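For reference, the chains in residue letters:
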Amino acid sequence: MYLNPWRQETLDSRVCRQGSVVQSCLPTGKCCTVVFADRNRYRCQKTTLLLTHQIVRSMPLRSPGTTVGVVGGGQLGRMLGEAASPLGIELVVSDPTPECPASAVVRDQIVGDFDDEATLLELAERADLLTYEIELADPDVLEAVSEETGTPVHPAPETLRIIQDKLVQKERLQEAGIPVPEFRAVETVEELDAALSEFGYPAMLKAREGGYDGRGNILIEDESEVAKAFDAIEGPAMLEAFVEYDRELAVIGCKGDGEIDTFPVTETIHEAEILRETVSPARTSDAVIERATTVAEEILDEMTGRGVYGIELFETADGEILLNEIAPRPHNSGHWTIEGCHTSQFEQHLRAVTGLALGTTERREPTAAANILGDVDERQQATLYGVEDVLATDTVSLHWYGKREVYALRKMGHLTTVGETPETALSLINEVSEWLTFET
């Protein structure tokens, strides 16, 4: 790894690989060696020297460029496709829904289930590497397909295997010293009763696999709800002690080729277990932001494979940080980065999985985002009204996911805006969100 004239920064602010040589731009041509500093982060031993530099990697561009196969073609796949084109990267997605949201912006779609071996084998044969935008991908199938075709998978199937099962995820991270809420595995109503006797009410019952956007999470508030909640999970479950939190936070973590970085800490606002708004910077103390970033970096150390990771956290009343959940992919809490940062989480994911240098995670200015959710009672064709007024509002950006049908609380798109402060950005995004509806 070498440094050429480009921009000015102190050497100790650049995260590098162990043993790399940093060549200064000074007339003397002297070098300094990068040495181990802490965990997976490596920094230059010389901390006072000021240089102008750029990391140079071997990355010739050609057409057609690198092809990334993506398991899943929903809105995350769509936004990955939008981010891929400027980088000269082409995407092929696999998804069971014909003409899935991503199909409009990628090279091609293979129609097939997320865990279908023939589908993923075809995807691997057409791609230089594989990634996924949904946890319903089967890590065993991904591993087998990778071995058969020699196509690498990022993040690694082993990481997906750990994260898919919420109990395994919590056990693994607790063993690594990551702060998590108290939890217990429950396979029978009797075990659930015993765990509730220990934790008390309320407590959160979670399906170990398959839950997302609040699905598979049931808050048990008293004894009368126990049996019904257990039956609703319909499978292996985990009980978590209820966390009395001041706010929910999120960090988009990035693992590149020898690099680790994080986007600014974001405040997430949920209702009925579904994300409604995000605002960055989070409206909390500098100490909490620093602690949340540290926890996120420690979590990244436990993950295998390149890519971005959505890390959801609780901030407790006494300023402690607890892990909620991890997603090994771009995450709804990071959509604000498209307008709010110099590099979006989607571009960053593609940079990471293809082995390119990570982009800066610096925030441009305070940014807020709001999900556009289905506000209808019955499933119907999706027609969104009020768009003209939103588009006529300065600083507000609209992202439409291209889903053909809408139903209650389905994520159909999102809005983003910037402002002088987090409060002004959040106020504007809440105002313009009210103008949109799917109801006639």
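To be clear, the structure that these remarks concern was listed above.
Note that this is a predicted model, so its numbers are computed, not measured.

S.K.: Teacher, can you tell me more about the packing of aromatic side chains here?
M.R.: Between two aromatic rings, the relevant description is the distance of the centres plus the angle of the planes. One pass over the full model with this rule turns up 2 aromatic pairs. Note on Tyr245 and Phe314: the rings are 5.2 Å apart at their centroids and 20° apart in plane angle, and the pair reads as stacked. Taken together, the residues span a long stretch of sequence, with Tyr245 in strand 14 (residues 245–255) and Phe314 in strand 18 (residues 307–316) at a distance of 69 residues. Judged by its relative accessible area of 8%, Phe314 is buried.

S.K.: Any chance you could explain the pairing of strand 9 (residues 129–132) here in plain terms?
M.R.: Strand residues, when the strand is regular, have side chains that alternate between the two faces of the sheet. Going residue by residue along strand 9, you find Leu129 and Thr131 tucked away on one face and Leu130 and Tyr132 tucked away on the opposite face as well. Examined bridge by bridge, strand 6 (residues 67–71) and strand 9 share 4 bridges and lie parallel to one another. Across the sheet, residue Gly69 finds its bridge partner in strand 9, namely Leu130.

S.K.: Please explain the sheet that holds strand 11 (residues 203–207) as it appears in this structure.
M.R.: Picture the strands of a sheet paired through backbone hydrogen bonds; they go either parallel or antiparallel. What the 4 strands build is an open sheet, ordered 10-13-11-12; its pairing is antiparallel. The outermost strands of the open sheet, each flanked by one partner alone, are strand 10 (183–186) and strand 12 (217–220). When strand polarity is set aside, the average angle formed by the axes of neighbouring strands in this sheet is 25°. One ladder, built from 4 bridges, connects strand 11 with strand 12; its direction is antiparallel. Residue pairing in the sheet places Met204 in a bridge with Leu219 of strand 12. Seen against the sheet, helix 5 (residues 166–175) touches strand 10, strand 11 and strand 13 (237–241) and runs at an angle of roughly 145° to strand 10. Sheet strands touched by helix 6 (residues 189–199): strand 10, strand 11, strand 12 and strand 13. Its angle to strand 10, the strand with the most contacts, is close to 165°.

S.K.: How should a negative patch on the surface be read in this particular structure?
M.R.: A cluster of acidic residues, Glu187, Glu190, Glu191, Asp193, Glu221, Asp222 and Glu223, forms a negative patch on the protein surface. By the secondary structure assignment, Glu191 is in helix 6. Overall, the relative accessible area of 38% leaves Glu191 in the partly exposed class.

The rules behind each value
Residues numbered from 1 in each chain as written. Predicted model: local features only at pLDDT ≥ 70, side-chain atom pairs only at ≥ 80, totals over all residues. Heavy atoms only, no water. Phe/Tyr/Trp six-rings, centres within 6.5 Å; stacked < 30°, edge-to-face > 60°. Helix = DSSP H or I, 4+ residues; strand = E, 2+ residues; numbered from the N terminus. Buried < 20%, exposed > 50% of the residue type's maximum accessible area, 1.4 Å probe, protein only. Pairing = 2+ DSSP bridges. Axes fitted to C-alpha atoms, helices over the stretch in contact; angles between N-to-C directions. Contact = heavy atoms within 4.5 Å. Patch = residues over 30% accessible without salt bridge, like charges linked within 9 Å, V, L, I, M, F, W, Y side chains within 5 Å. Areas by Shrake-Rupley, 256 points an atom, 1.4 Å probe, with all protein chains shown as cover. Salt bridge = Lys/Arg side-chain N within 4 Å of Asp/Glu carboxyl O. Lys, Arg positive; Asp, Glu negative; His and termini not counted. Charge placed at Lys NZ, Arg CZ, Asp CG, Glu CD.

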